[in-house]
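Structure assessment
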Amino acid sequence: MKLLIRNLARSTTEAELRALFEAYGQVQSCTLVLDKESGQSKGFGFVNMPKPGEAKAAMKSLNGQEVAGNRMRVKKAETPPAKPGRTDA
């Protein structure tokens, strides 16, 4: 299950983020979104956990937790539509 993590301190590293989520189970991938020009964190990222039960436990426990002075928000990442630009009306 892919999780979106928002409101991260710009100083939070991928290793720190991974460690937080590994306390709840296996982490398949962990990625911080970086600014192309500065290389600095944009304050959000994604964690992919292969077992939905572990991901839900992490989401429930870590959502709202303070890390480096910021209360991070954790939710299930939305999957993009199969065909970009398509609208169902």
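Look up: the structure comes first, before these words.
Cut-offs used in this document
- Residues numbered from 1 in each chain as written.
- Predicted model: local features only at pLDDT ≥ 70, side-chain atom pairs only at ≥ 80, totals over all residues.
- Heavy atoms only, no water.
- Helix = DSSP H or I, 4+ residues; strand = E, 2+ residues; numbered from the N terminus.
- Buried < 20%, exposed > 50% of the residue type's maximum accessible area, 1.4 Å probe, protein only.
- Contact = heavy atoms within 4.5 Å.
- Phe/Tyr/Trp six-rings, centres within 6.5 Å; stacked < 30°, edge-to-face > 60°.
- Lys NZ or Arg CZ within 6 Å of the ring centre and 35° of its normal.
- Pairing = 2+ DSSP bridges.
- Axes fitted to C-alpha atoms, helices over the stretch in contact; angles between N-to-C directions.

Another point: the side chain of Thr12. One can find Thr12 in the loop between strand 1 (2-6) and helix 1 (14-22). On the basis of relative accessible area, Thr12 is assigned to the buried category, the value being 4%. Once residues lying within four places of it in the same chain are set aside, the contact partners of Thr12 are Leu32, Val67 and Ala68.

Turning to the packing of aromatic side chains, a few remarks are in order. Throughout the structure, instances matching the rule amount to 1 aromatic pair. Centre to centre, the rings of Phe44 and Phe46 are 6.3 Å apart; their planes meet at 80°, and the pair counts as edge-to-face. The exposure class assigned to Phe46 is partly exposed, which follows from its relative accessible area of 26%. Over the ring of Phe46 we find Lys2, and its NZ or CZ is 4.7 Å from the ring centre.

A word on the sheet that holds strand 1. What links the strands of a sheet is backbone hydrogen bonding, and the strands pair in either a parallel or an antiparallel sense. Strands sit in the order 2-3-1-6 across an open sheet of 4 strands; the sheet is antiparallel. Pairing within the sheet leaves two strands with one partner each, and these edge strands are strand 2 (29-34) and strand 6 (73-76). Within this sheet the neighbouring strands show an average axis-to-axis angle of 20°, counted without direction. The pairing of strand 2 with strand 3 (residues 41-48) spans 5 bridges and is antiparallel. Counterpart to Cys30 in the pairing with strand 3 is Val47. Contacts from helix 2 (residues 52-62) reach strand 1 and strand 6, with the element oriented near 150° to strand 6.

Right, let's get into the environment of Phe46. Relative to the elements of secondary structure, Phe46 occurs in strand 3. Discounting chain neighbours no more than four positions away, the residues touching Phe46 are Lys2, Leu3, Leu4, Ile5, Ser29, Cys30, Thr31, Val33 and Ala77.

Right, let's get into unusual backbone geometry. Even without a glycine there, the phi angle at Asn7 is positive, about 60°. Positionally, Asn7 belongs in the loop between strand 1 and helix 1. Phi angles above zero are rare outside glycine, and Ala68 is one such case at about 55°. Inspection of the secondary structure puts Ala68 in the loop between strand 4 (66-67) and strand 5 (70-71).

Another point: the pairing of strand 1. As a general feature of sheets, a regular strand has side chains that alternate between the two faces. Relative to strand 3, strand 1 runs antiparallel, the two being bridged by 4 bridges. For Ile5, the partnering residue across the bridge sits in strand 3 and is Gly45. Alignment of strand 1 against strand 6, held across 4 bridges, turns out to be antiparallel. Considered in strand 6, the bridge of Arg6 is made with Arg73.

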